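Letter by letter, the chains look like this.
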Amino acid sequence: MGPRIGGISLTIKDPRWVGAWWLGFLIAAGAVALAAIPYFLFPKEMPKEKRELQFRRKVLAVTDSPARKGKDSPSKQSPGESTKKQDGLVQIAPNLTVIQFIKVFPRVLLQTLRHPIFLLVVLSQVCLSSMAAGMATFLPKFLERQFSITASYANLLIGCLSFPSVIVGIVVGGVLVKRLHLGPVGCGALCLLGMLLCLFFSLPLFFIGCSSHQIAGITHQTSAHPGLELFPSCMEACSCPSDGFNPVCDPSTRVEYITPCHAGCSSRVVRDALDKSQVFYTNCSCVAEGNPVLAGSCDSTCSHLVVPFLLLVSLGSALACLTHTPSFMLILRGVKKEDKTLAVGIQFMFLRILAWMPSPVIHGSAIDTTCVHWALSCGRRAVCRYYNNDLLRNRFIGLQFFFKTGSVICFALVLAVLRQQDKEARTKESRSSPAVEQQLLVSGPGKKPEDSRV
C-alpha cells in the first residue's frame, strides 16, 4: 500500500540516523597519540629518585654495619623493628623479580585491606565510579530519549556543562584541602558534606522529564484518541512488515505511528522549505480525520527542560568531585609509607573490577527493563524502539541515587572511625603527660632524661 521510495531522505532528528560516529574516536586517538610523544623524552631514571635511592642505601649500610650489629644484637630487637626493616628492604630493592613480587604481594595486600579507613574510602570511590561509569555511558542516550533531542545536541550539552563542572569540582576540592590545612578528620568531613549536597540536588531529577507520547498500537487510550488503535479494517490491504520502522507523526493529535504503512498512508509528498525539505504522507486511512502525517518521531512538549536537568546533573557532579582530592589524601595518610605505592595500585584495581566493568552492564540491564517495543531480528530482540519515559527516568536516576547513598554511608563511617581514632589519641596523650612531668622532676633541672619524648 505504501509507495516505493528509491532514495533515502533522513534528518538528524530521525531515530534511524547514525551519522559519522567513528569520527570522534579518530580525533580522540590522534590527540592521545600527540600527548604521548613527550613521554618518550623522559630519562630512564629520575635524578631526584636516584639520589634518594643512593641515600637510603647508605643509611641501610650504616645501620647494618658491624659496629651497629654489636651494639644492637638481634636478641634485643623487637619483632616490629625487624618487620619494618624487611618492608624497607622490599621497597629499596631496585630490581624486584616477578617471583619476589608475588611473594611480597599477598602480605602487603592483606595488611592494606585490614585498614578500615583505606577499605571504606575505596568502597566509597567504587560507588562514585559506578555512578560516573553509568552516567558517562548512558547519559547521552537518556537525554535523547527523555527530551526528544538529537544525539549531537545531547553530547554538545554534556561537553559544555558536565565535564567542565567535574574539573571545577576536583580543583576546588584540592584548593580547600590546601587553604584550610585539613587533616584526616577535616578531609572526611569535606567528603561527607560534598556527597550530602550531591544527594540533595539529585532529588529534583526524579521530577524533571517528559512522559512518553502516544504511539499507535503500543499505548492504547481509545477514549481520548481514536487514532491510537491499529484498526484491522484500515490496514488489511497494506500487509505491513512486522519489523519495519519508519516513524511518522500526526501533528494534530500528537500520535506516532511505527511506519506510514501502519498509518494506512498511500501517498508521499515532499515540501521544499528554505533550509530543509519536509516529507509528508497523505491519504492515511488509519489516522483520525484523515490528516496528513509528518515523517519522523513526534517532538517532545518539554524538551526545554533538558538544560535545567543537565545543570542539576552538572552541579551534582561538581559536588561529588569535591571528594576526589580529600579522599585520595585519606588513602595516602592512612597506610604505611612503604605501602603507599601498592595501596594506590590496589585502589585502582578495585575501581576497575568493582565499578567500571559491572556498572555499565547494570545500567544497561535496568534501562532494557523499561522498553515497551522491541525490534526483532531473526525472531530475537535486537534494539529497543520505544521506552516508557517515566519508568526510564525513575530507574536511571534511581540507580544513580543508590550509588550516591552508598558513598554517603561509607564517608559517614570514615568520619566516625577518624573521630574515634582522634579521641583515643588524645586520651593516650593526656595519660602520658603526667608521667613525663614526673620524670622531668625526678631527673632534676640539670639532667635530661634519655627517653622523654612521647
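The rules we used
Position numbers for residues count from 1 along each chain, tracking the sequence in the order it is written. Whole-chain, interface and lining totals are the exception, using all residues; otherwise, since this is a predicted model, local features are given only for residues with pLDDT of at least 70 and side-chain atom pairs are given and counted only at 80 or more. Heavy atoms throughout the structure, all of them, feed into the side-chain values; hydrogens and water do not. Secondary structure elements are defined from DSSP: runs of H or I of at least 4 residues count as helices, runs of E of at least 2 residues count as strands, and each element is numbered from the N terminus. Residue contacts follow a heavy-atom distance rule, with two residues in contact if any of their heavy atoms lie within 4.5 Å. Note on areas: Shrake-Rupley, 1.4 Å probe, and residue coverage restricted to the protein chains presented here. Salt bridges are identified by distance alone: a Lys or Arg side-chain nitrogen within 4 Å of an Asp or Glu carboxyl oxygen. UniProt positions are given in the numbering used here, feature names are shortened, and annotations may be inferred rather than shown by experiment. Here a pair means two rings of Phe, Tyr or Trp (six-membered ring of Trp) with centres within 6.5 Å. Their orientation is stacked below 30 degrees between planes, edge-to-face above 60, and tilted elsewhere. Relative accessibility decides the category of a residue: with a 1.4 Å probe and only protein chains considered, values under 20% of the type maximum give buried, values over 50% give exposed, and everything between is partly exposed. Either the NZ atom of lysine or the CZ atom of arginine qualifies as a charge over a ring when it sits within 6 Å of the ring centre and within 35 degrees of the ring normal. Note on geometry: axes are lines fitted to C-alpha atoms, helical ones only across the stretch in contact, with angles between N-to-C directions running from 0 to 180 degrees. Oblique is the label for every angle not falling under 35 degrees (roughly parallel), over 145 degrees (roughly antiparallel), or within 65 to 115 degrees (roughly perpendicular). Helix crossings fall into two classes, left-handed where the near helix is turned counterclockwise from the far one by less than a right angle and right-handed where it is turned clockwise. Classes in brief: Ala, Val, Leu, Ile, Met, Phe, Trp, Tyr, Cys and Pro nonpolar; Asp, Glu, Lys and Arg charged; the others, Gly included, polar. Sulfur atoms of two cysteines make up a disulfide when they are within 2.5 Å. Grouping into patches uses exposed residues only, defined as over 30% relative accessible area, and leaves out salt-bridged ones; the cut-off is 9 Å for like charges and 5 Å for nonpolar side chains (Val, Leu, Ile, Met, Phe, Trp, Tyr). Any helix carries an expected span of 1.5 Å times its number of residues minus one. By definition, a residue's bend is the angle between the axes fitted to the seven residues ending there and the seven starting there.

Helix and strand counts for the chain come out as 14 helices and 8 strands. Considering only contacts in the chain between residues 6 or more positions apart, those separated by 24 or more positions represent 70%. Per element, the accessible surface of the chain, about 27900 Å² overall, is 64% carbon and sulfur.

On to the pattern of salt bridges, then. Tallied over the full model, the rule gives 2 salt bridges. The closest approach of N and O atoms between arginine 393 and aspartate 390, which form a salt bridge, is 3.0 Å. In this pair, arginine 393 and aspartate 390 both sit in helix α14 (residues 389–443), 3 residues apart, roughly one turn of the helix.

Before going further, it helps to spend a moment on the UniProt feature "transmembrane region" (unreviewed entry) in the chain. Look at the UniProt record and you will see "transmembrane region" (unreviewed entry) annotated at residues 20–42, 117–139, 151–177, 189–209, 305–332, 353–376 and 396–418. Within residues 117–139, the helical portion is 100% and the strand portion 0%, while the C-alpha atoms at the span's ends are 32 Å from each other. As a span, residues 353–376 carries 62% helix and 25% strand, and end to end its C-alpha atoms are 33 Å apart.

Turning to the packing of aromatic side chains, a few remarks are in order. Under the definition given, this model contains 8 aromatic pairs. Relative to tyrosine 386, the ring of phenylalanine 245 lies with its centre 5.9 Å away and its plane at 70 degrees, an arrangement referred to as edge-to-face. Of this pair, phenylalanine 245 sits in the loop between α9 (232–235) and β2 (248–250) while tyrosine 386 sits in strand β8 (residues 380–387), placing them 141 residues apart in sequence. Look at tyrosine 386 and you get buried, because its relative accessible area is 6%. Every member of this aromatic cluster is reached through a ring pair, and the members are Phe142, Phe147, Phe309 and Phe396. A cation over a ring is seen here: arginine 381 above tryptophan 374, with NZ or CZ 4.3 Å from the ring centre.

Close contact between helix α11 (residues 324–334) and helix α12 (residues 340–356) brings their axes to 9 Å; oriented N to C, the two are set at 135 degrees. On the basis of their axis angle, the class for α11 and α12 is oblique. With respect to the hand of their crossing, α11 and α12 are arranged in right-handed fashion. Residue-level contacts link Phe328, Ile331, Leu332 and Arg333 of α11 to Lys340, Val344 and Gln347 of α12. Class assignment for the residues of the contact of α11 with α12 results in 4 nonpolar, 1 polar and 2 charged.

Our next topic: the state of the cysteines. Disulfide: a covalent bond formed between the sulfur atoms of two cysteine residues. For the structure on display, the rule yields 4 disulfides. Here cysteine 265 engages in a disulfide with cysteine 284; their sulfurs sit 1.9 Å apart. Given an S-S torsion of about 100 degrees, the disulfide between cysteine 265 and cysteine 284 has right-handed geometry. Taken together, the residues cysteine 265 in the loop between β3 (255–257) and β4 (267–272) and cysteine 284 in the loop between β5 (277–282) and β6 (293–295) connect sequence positions 19 residues apart. Given a relative accessible area of 2%, cysteine 265 falls into the buried group. The disulfide partner of cysteine 371 is cysteine 384, and the S-S distance across this bridge is 2.1 Å. Looking down the S-S bond of the cysteine 371 and cysteine 384 bridge, the torsion is 105 degrees, so its handedness is right-handed. A residue pair is termed long-range when its members are at least 10 positions apart, and cysteine 371 in strand β7 (residues 371–377) and cysteine 384 in strand β8 qualify at 13 residues. Residue cysteine 371 is classed as buried on the basis of its relative accessible area of 14%. Judged by its relative accessible area of 4%, cysteine 384 falls in the buried class. Cysteine 127 forms no disulfide, and the closest cysteine sulfur to it belongs to cysteine 410, at a distance of 5.1 Å.

In this section: a nonpolar patch on the surface. Together, Val18, Trp21, Trp22, Leu23, Phe25, Leu26 and Ile27 line one region of the surface with nonpolar side chains, adding up to about 840 Å² of accessible area. Inspection of the secondary structure puts tryptophan 21 in the segment before α1 (23–35). Residue tryptophan 21 is classed as exposed on the basis of its relative accessible area of 57%.

For the rest of this paragraph, the subject is helix α6 (residues 116–147). Look at α6: 44 Å from first C-alpha to last across 32 residues, which is about the 46 Å you get at 1.5 Å a residue. By the largest-angle criterion, phenylalanine 138 marks the main kink of α6, which is about 55 degrees, and a proline, proline 140, follows within four residues. Here α6 lies mainly inside the structure; 23 of its 32 residues are buried. Two residues or fewer past α6, serine 148 is found with a positive phi of approximately 55 degrees.

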